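One-letter residues, chain by chain:
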Amino acid sequence: MSTVLLLLITGLGLGALYFLVASGLSLIYGLMGVLNFAHGSFLTLGAFLGWEVARRMEDGSWLTFGVSILVGAVVGATVATLTELLLIRPLYLRHIEQVLVTVGLSLATVALFEGIWGVDPIYVVGPEWLNDTTDIAGALIPNDRFVLIAAALIVLLGLVVFLKRTRYGLIIRAGVENRAMVTALGVDVRRAFTLVFAIGGAAAGIGGVLASHYFGYVSPLIGGSLLIFAFIVTVIGGLGSLTGAAIASVVVAVLQQFANFYLGGTGDFMVVALLAVVLLVKPTGLLGSKA
Amino acid sequence: MTMIRRLRTSRLTPWVTGGLLVVVVAVLPLLDISLPGVLPGSTYTPGTLQLLAFAMVFAALALSYHLLFGVAGLLSFGHALYFALGAYGLGIVLRDTELALVPAMAVVLMAAIAIAAALGALSLRVSGIAFAMVTLAFAQAGSVLVRRNPSVTNGEEGLPLRVDNIPAELVGVLNTRNVYWLALALLVVVFLIVAWFERSRAGHVVAATRENELRVRVLGMTPFRVKLITVVLAGGLAALVGMVYLLLQSGVTPAVMTADFTLTLLVIVVLGGVGSRWGAVVGGVLYTLLDQRLTALARSEAIQDLPEFLRIPLSEPLFILGTLFILVVVLLPGGLAGVARRSLARADTARARAGRNLDEEARP
Amino acid sequence: MIADPILRVEALSASIDGQQVVEKVDFEVPATGVTAVLGRNGVGKTSTLKAVLGLISRSGVVEFDGVRIDGERTHRVVQRGIGYVPEDREVFASLTVAENLRLAARGGAPHRDMVDELFPDLVARTAQRAGSLSGGQQQMLSLARVLMNDNRLLLVDEPTKGLAPRIVTEVAAALERAAAVTPVLLVEQNLPVVRRLAHTVVVIEGGRVIHAGPAAELLDDDERTQQLLGVHSTDHSAPRGDTDHSAPRGDTDHSAPRGADNTREETS
């Protein structure tokens, strides 16, 4: 029983990471039709700069941890905004070229990160409490899982409130459904494009800092490896659906944990198998309307 | 002058040029030509032949990817899977069985085709960007399979080639030129198959689905089937290329199965010009040479002595290639083939204008 | 020539995915009343409206109230005071009625009261998702989105398509009310509605204007109507949406519509 609980909560923690990456991917795709391959680089850069700031501050304090998360969010939002303005916008509506540009950006930035920080993992130190465990019904749960889950819930809640309660949220929801008609009502939808990139980048940057604490290190490849699972999550959840991304993140990560433990490390396969099943049964994903 | 123009406009011209080019490339190992800065040594040295053979293998692989992306308009992020399947499959069959090279290749090709058909049928249930993501996921599963089963694949170490059952002419540094010719033959064969497919009925239909799927449906053909045929053909060709790669490299590592490897193919095809066979070939060769030269450049003193903010980016070949790729996408739609086409067209109009001016001057 | 037209279109061409769907169209919309754009299905009427708005790639001159707008992006064109009611309503199905209206509101939606009065059905359903409304209610929402703003021109595309006769009357009444203060460019296949609302008609065929003049003059001439539109102007009994399109093609038409145009008109 305690093993099941441990796997479940660890899965939720990993799912939280997936969601932080997938939420931005899904919103960007839903509104703009752009598959953002550079999203992993937003995450990696957030993680590195979060670490750079943290190591210059007091080691292991909560303030340092909080500041590094904030740095990750700001860095992610900034590079994402620049990417949208400088590379995506000039190729407006040319979706394939937009994807290609983000592919080039991801290749170039990963190489650049390797040049700056080296290819070896850099170990990160967080508040002592993160490395401790909490006893829940007999299961010893590493505390960083709770932080991840809390962060993802806060981001999810923030996004939902933003989408439901603000004018830009309204524009984004309408734009995901029918972009052309939004402009035909006199709304400049392009500003919303920059905004979703910034929001997605911020979530990825937060995810980067948290991922470095979850894995215990940061490396130039950290973003790319999470990105692949985030892609799977967005397809399973339904492209463009935030709720779908949230549900699929949890399903994928929990399945992965259980399969890794009970089925001899086959977690990654089970995830791809799940993807295959979803494609066979419902190609649009759990909550998606377009494929 | 008129003869030159007639030669250019003839439909046979590219084939004649191509044939001549093949002959030139075929005799290179017998010649002693040095191109400092482009090739590491003279054309008969094993190092240079190895590099050129690599370039041709990459060109052939790029051609198979051109079928998917350039002809069918399918953006796949998992094409490396079939290449790796060929390389690993042949390596494993040669190690674990006593089959000779050709039967072993046939077995692996069959397996690759079967897998391409199964995965293709599944991933073609979605289109566009979702197709890209799904192919990526399948390739990732393959990559994990290779890394997690060291007893079969030798894991991160990579799988060495067991040479017991392959012809002695293809083994060893001294025989590099034989493998070079094999790579050339592969490139020619793949080029001809791709050209033949593009001219076939299925090729025309799949090109039509790229432009307008609805219209193909209206014409009573199923886009799904022709796309699947394309995916299977591209996968089979990639596996074939992977097998030659194994022979050339005397082994294979999991690096050829990563998403980055497929992205490299995408870079090559876009660099050369999407939709252009010659673009894929030129892109493949150019990329291999650039990659090799940039790596050499990164280690050179000229770069190592630079201040940090220049040294770090310039000593990363992939950074330069990635940046170059972005610039091509943004500034040069159509890639190298597009540039060539535009300059030819410009030369033609210039000539036409010059001709008209002459006519006007000739009038009283 | 009309004195001070609100909209002047000259040599307007447009294409979708590289296919030309509008070819060098010229017409003018007077600053008052309803101008109807007529023509058989798929001749480029919807595309003409979209080209005026910049929703599809276009070339040529579009002049709104004396100002060139053909270089402007869609949202700027709309902000100048051009309201667009698209074919097939295009309400945002996942948004509520209230959200649909909020998204469209410009400048404090000065005519919200009139809209509430015209469409009491919508007032009762503000919290309902637009996707769950009936076709007629969706059409009213689509109209309401536009009518609550201050407009100087309305582009309305087939507002009565597929609606029950009672709803057709309601929609026509709403349009009539709007047209009393704002000029309307109306694409409409229902000729009784055209007769009731329109002062001027423009007939398009194969992407080109083939007739322009007073509405009554054309519709009173049954033979000419039959020749230009393939339908009888007096055929009041025909149910909407089917028979008026299915008149045998090309029997009276010698300018042979090009095949591409008949299949390519964008309906999304």
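Nothing here was measured: the structure is a model prediction, and the numbers come from that model.

Draft legend 1. Layout of the overall build of chain C. Within chain C one finds 11 helices and 10 strands. Expressed as a percentage of its 268 residues, the buried residues of chain C come to 55%. For chain C, long-range pairs separated by at least 24 residues make up 72% of all intrachain contacts whose partners lie at least 6 apart in sequence. Put simply, chain C shows about 11,000 Å² of open surface, and 50% of that area lies on carbon and sulfur atoms.

Draft legend 2. The arrangement of the environment of Ala 245 of chain A in detail. Residues and elements named next belong to chain A. When you line up the elements, Ala 245 lands in helix α11 (residues 242-262). Classification of Ala 245 by relative accessible area gives buried; the value is 1%. Here the alpha-carbon distance between Ala 245 and Trp 129, two residues 116 residues apart in the chain, equals 30 Å. Setting aside residues no more than four positions away along its own chain, Ala 245 makes contact with Phe 19, Ala 22, Ser 26, Val 233 and Gly 237.

Draft legend 3. Structural view of the side chain of Thr 262 of chain B. Residues and elements named next belong to chain B. With respect to the element layout, Thr 262 can be found in helix α12 (residues 259-272). Engagement of the side chain of Thr 262 in a polar contact is seen with the backbone oxygen of Phe 77, the distance being 3.5 Å. Discounting residues that sit within four places of it in the chain, Thr 262 has contacts with Tyr 65, Ser 76, Phe 77, Gly 78, His 79 and Ala 80.

Draft legend 4. Quick look at the nonpolar core. Counting residues in hydrophobic clusters, the biggest one holds 280 residues, and the most contacted among them are Phe 77 of chain B together with Leu 7 and Phe 119 of chain C. Considering each element in turn, this core owes the most residues, 18 residues, to helix α3 (residues 46-71) of chain B. Split by domain, this core shows at least three residues from each of two domains, domain 1 (7-81 + 151-264) and domain 2 (90-150) of chain C. Setting aside residues up to four positions removed in sequence, Leu 7 of chain C forms contacts with Phe 27, Glu 28, Val 29, Val 52, Val 62, Glu 63, Phe 64, Leu 153 and Leu 185 of chain C.

Draft legend 5. Spotlight on the packing of aromatic side chains. Under the defined criterion, the tally for this structure stands at 20 aromatic pairs over all chains. Cluster of aromatic residues (ring-pair linked, three or more members): Phe 54, Phe 58, Phe 83, Tyr 245 and Phe 261 of chain B.

Draft legend 6. Looking closely at the pattern of salt bridges. Taken as a whole, this structure holds 25 salt bridges over all chains when the rule is applied. The salt bridge partner of Arg 152 of chain C is Asp 65 of chain C, with a shortest N-O separation of 2.5 Å. Of this pair, Arg 152 of chain C sits in the loop between α6 (135-147) and β7 (153-157) while Asp 65 of chain C is found in the loop between β4 (57-64) and β5 (67-68), placing the two residues 87 residues apart along the sequence. Residue Arg 112 of chain C pairs with Asp 116 of chain C through a salt bridge whose shortest N-O separation is 3.5 Å. Placement of both Arg 112 of chain C and Asp 116 of chain C in helix α4 (residues 112-118) is noted, with a separation of four residues, approximately one turn of the helix. According to the relative accessible area criterion, Asp 116 of chain C is partly exposed, its value standing at 29%. It is possible to trace a salt-bridge network through shared partners that takes in Glu 52, Arg 55 and Arg 56 of chain A.

Draft legend 7. Representation of the sheet that holds strand β6 (residues 82-85) of chain C in the model. Residue and element names in this part refer to chain C. Strand order in the open sheet formed by six strands is β6-β7-β8-β3-β9-β10, and the pairing between neighbours is mixed. Edge positions in the sheet fall to β6 and β10 (208-214), since each of these pairs with one other strand and no more. Neighbour-to-neighbour, the strand axes of this sheet turn through a mean angle of 15 degrees, independent of strand direction. Note: strand β3 (residues 34-38) against strand β8 (residues 184-187), four bridges, orientation parallel.

Draft legend 8. Molecular detail of the interface of chain B and chain A. Counting from both sides, the interface comprises 37 residues of chain B and, opposite them, 40 residues of chain A. Among the residues of chain B in contact with chain A, Arg 125, Ile 129 and Met 133 of chain B are the three that bury the most area, contributing 18% of the side total. Remark: the boundary between chain B and chain A carries one salt bridge. At the junction of chain B and chain A, the tally comes to two residue pairs in polar contact (both at pLDDT 80 or more). Taken together, the residues that form the side of chain B that touches chain A break down as 29 nonpolar, four polar and four charged.

Draft legend 9. Main features of the domain arrangement of chain C. Residue and element names in this part refer to chain C. One can read the domain layout of chain C as domain 1 (7-81 + 151-264) and domain 2 (90-150). Taken together, the 16 residues of domain 1 in the interface contact 14 residues of domain 2. Interface area, domain 1 with domain 2, both sides summed: about 1,200 Å², of which 65% is carbon and sulfur. The largest contributions to the domain 1 side of the interface with domain 2 come from Asn 151, Ala 174 and Arg 177, which together make up 43% of the buried area. For the pair domain 1 and domain 2, the number of links is one salt bridge.

How each quantity is defined
Residues numbered from 1 in each chain as written. Chains lettered and ligands numbered in written order. Predicted model: local features only at pLDDT ≥ 70, side-chain atom pairs only at ≥ 80, totals over all residues. Heavy atoms only, no water. Helix = DSSP H or I, 4+ residues; strand = E, 2+ residues; numbered from the N terminus. Buried < 20%, exposed > 50% of the residue type's maximum accessible area, 1.4 Å probe, protein only. Contact = heavy atoms within 4.5 Å. Areas by Shrake-Rupley, 256 points an atom, 1.4 Å probe, with all protein chains shown as cover. Polar contact = N/O pair within 3.5 Å; in protein donor to acceptor, adjacent residues only side chain to side chain. Core = buried A, V, L, I, M, F, W, Y, C linked by side-chain atoms within 4.5 Å. Domains from an automatic or database assignment. Phe/Tyr/Trp six-rings, centres within 6.5 Å; stacked < 30°, edge-to-face > 60°. Salt bridge = Lys/Arg side-chain N within 4 Å of Asp/Glu carboxyl O. Pairing = 2+ DSSP bridges. Axes fitted to C-alpha atoms, helices over the stretch in contact; angles between N-to-C directions. Buried area = accessible area lost by both parts, 1.4 Å probe. Nonpolar A, V, L, I, M, F, W, Y, C, P; charged D, E, K, R; others polar.

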